[in-house]
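A structural walkthrough
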Amino acid sequence: MNQQQEISAKENSADFSTTQQECRNGNAAEHQLSKKEQFLLKCIKHQDIMIYKKRYQIGDSVLIKTTNQIEQIGLIQNFYGYQQDDKTIVPLVEVQWYCTYQDLADSIDKDSFSECELFLTEQTTILFIDCIQAKCFVMNIDEFENTGTQNAYFTRSKYNTLTKQLDPPISQWKKVCICEQPQNPDLLYIQCDQCNKWFHLSCMGLTQEQANQMEQYSCKICKK
């Protein structure tokens, strides 16, 4: 398979495609492993590939539309050229799935999570190339707060779907404000000009309109 080759959509992608939920419930895990063992014997690995004039590489985060039309975000692990027969090479991609806070165990407190936050899991799936919809940008939280990039997300922990644990746990995340809660880009903050720390507007008793009118701000701690 030429790495510059234009890739067209393939039929019967359900033969190899499994969803993240199917991987979680265990029904697809054994089936997927046997599929992988069988076709790897006929595969050639590639570092990158062109899909509709856009280059994708190992390590890219991408938006995936699975065969049941569910959109999920995955991290590209490998590209394969599968020798289906003497004349047909099928392009495939192996992705490692991210999940959102809605997918975390009920025992995990979700008050500190952002709508743009992702957690890399241990789950992987092999899919047909045409499942890739677009590139996404997954960065750390500090980079995220300073970017205006579309399709941007951030991550600060991995999530093990078997143990139901975050790594690192929430207790080790950076805390802000007098409430000592993990930083959350979805909330409104104001920075103190004396101590340079960030505080929630709600914790400081301020509205967004009041904060916008301030040229200088001193937090409650610095005012004492």
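Residues numbered from 1 in each chain as written. Predicted model: local features only at pLDDT ≥ 70, side-chain atom pairs only at ≥ 80, totals over all residues. Heavy atoms only, no water.

As recorded in an unreviewed UniProt entry, the protein chain goes by the name PHD-type domain-containing protein, listed as coming from Paramecium primaurelia.

Examining the overall build of the protein chain
Within the protein chain, the regular secondary structure consists of 5 helices and 14 strands. Here the protein chain holds 224 residues, and the buried ones make up 42% of them. Summarising the internal contacts of the protein chain: among those between residues at least 6 apart in sequence, 57% fall at separations of at least 24. Carbon and sulfur atoms form 45% of the exposed surface of the protein chain, whose accessible area is close to 13100 Å². (Helix = DSSP H or I, 4+ residues; strand = E, 2+ residues; numbered from the N terminus. Buried < 20%, exposed > 50% of the residue type's maximum accessible area, 1.4 Å probe, protein only. Contact = heavy atoms within 4.5 Å. Areas by Shrake-Rupley, 256 points an atom, 1.4 Å probe, with all protein chains shown as cover.)

Some thoughts on unusual backbone geometry
A negative phi holds for most residues other than glycine; trans holds for most peptide bonds. A cis amide bond links Asp-167 with the next residue in sequence, Pro-168, at an omega value of 0°. By the element assignment, Pro-168 lies in the loop between β10 (165-167) and β11 (175-176). Unusually for a residue other than glycine, Cys-177 sits at a positive phi of about 70°. For Cys-177, the position within the fold is in the loop between β11 and β12 (181-182). A relative accessible area of 7% places Cys-177 in the buried class. Phi angles above zero are rare outside glycine, and Asn-196 is one such case at about 65°. Examined against the element boundaries, Asn-196 turns out to sit in the loop between β13 (189-191) and β14 (198-200).

Considering the nonpolar core
If you look at the biggest cluster of nonpolar residues, it comprises 14 residues, and the most contacted ones within it are Tyr-56, Ile-64, Ile-76, Val-93 and Ile-132. Looking at this core, the elements that each hand over two or more residues are β2 (48-51), β4 (61-65), β5 (71-83) and β6 (89-99). If one sorts the elements of this core by residue count, β6 sits on top with 3 residues. Residues in contact with Ile-64, not counting those within four places in the same chain, are Ile-70, Glu-71, Gln-72, Val-95, Trp-97, Leu-127, Cys-131, Ile-132 and Gln-133. (Core = buried A, V, L, I, M, F, W, Y, C linked by side-chain atoms within 4.5 Å.)

Some words on the pattern of salt bridges
Here the structure, examined in full by the defined rule, presents 3 salt bridges. One salt bridge connects Lys-135 with Asp-60, and the closest N-O pair in it is separated by 3.6 Å. Separated by 75 residues along the polypeptide, Lys-135 in strand β8 (residues 132-139) and Asp-60 in the loop between β3 (54-57) and β4 bring together distant segments of the chain. You can call Lys-135 partly exposed: its relative accessible area is 32%. Note that Lys-65 is salt-bridged to Glu-71, the shortest N-O span being 4.0 Å. (Salt bridge = Lys/Arg side-chain N within 4 Å of Asp/Glu carboxyl O.)

Thoughts on the side chain of His-200
Take His-200: it is sitting in strand β14. Engagement of the side chain of His-200 in a polar contact is seen with the side chain of Tyr-189, the distance being 3.2 Å. (Polar contact = N/O pair within 3.5 Å; in protein donor to acceptor, adjacent residues only side chain to side chain.)

Focus on the side chain of Asn-78
In this fold, Asn-78 is placed in strand β5. The buried category is assigned to Asn-78, whose relative accessible area is 16%. Polar contacts involving the side chain of Asn-78 include one to the side chain of Tyr-80, which spans 3.4 Å. Beyond its immediate chain neighbours, meaning those up to four positions away, Asn-78 contacts Lys-45, Ile-58, Leu-92, Val-93 and Glu-94.

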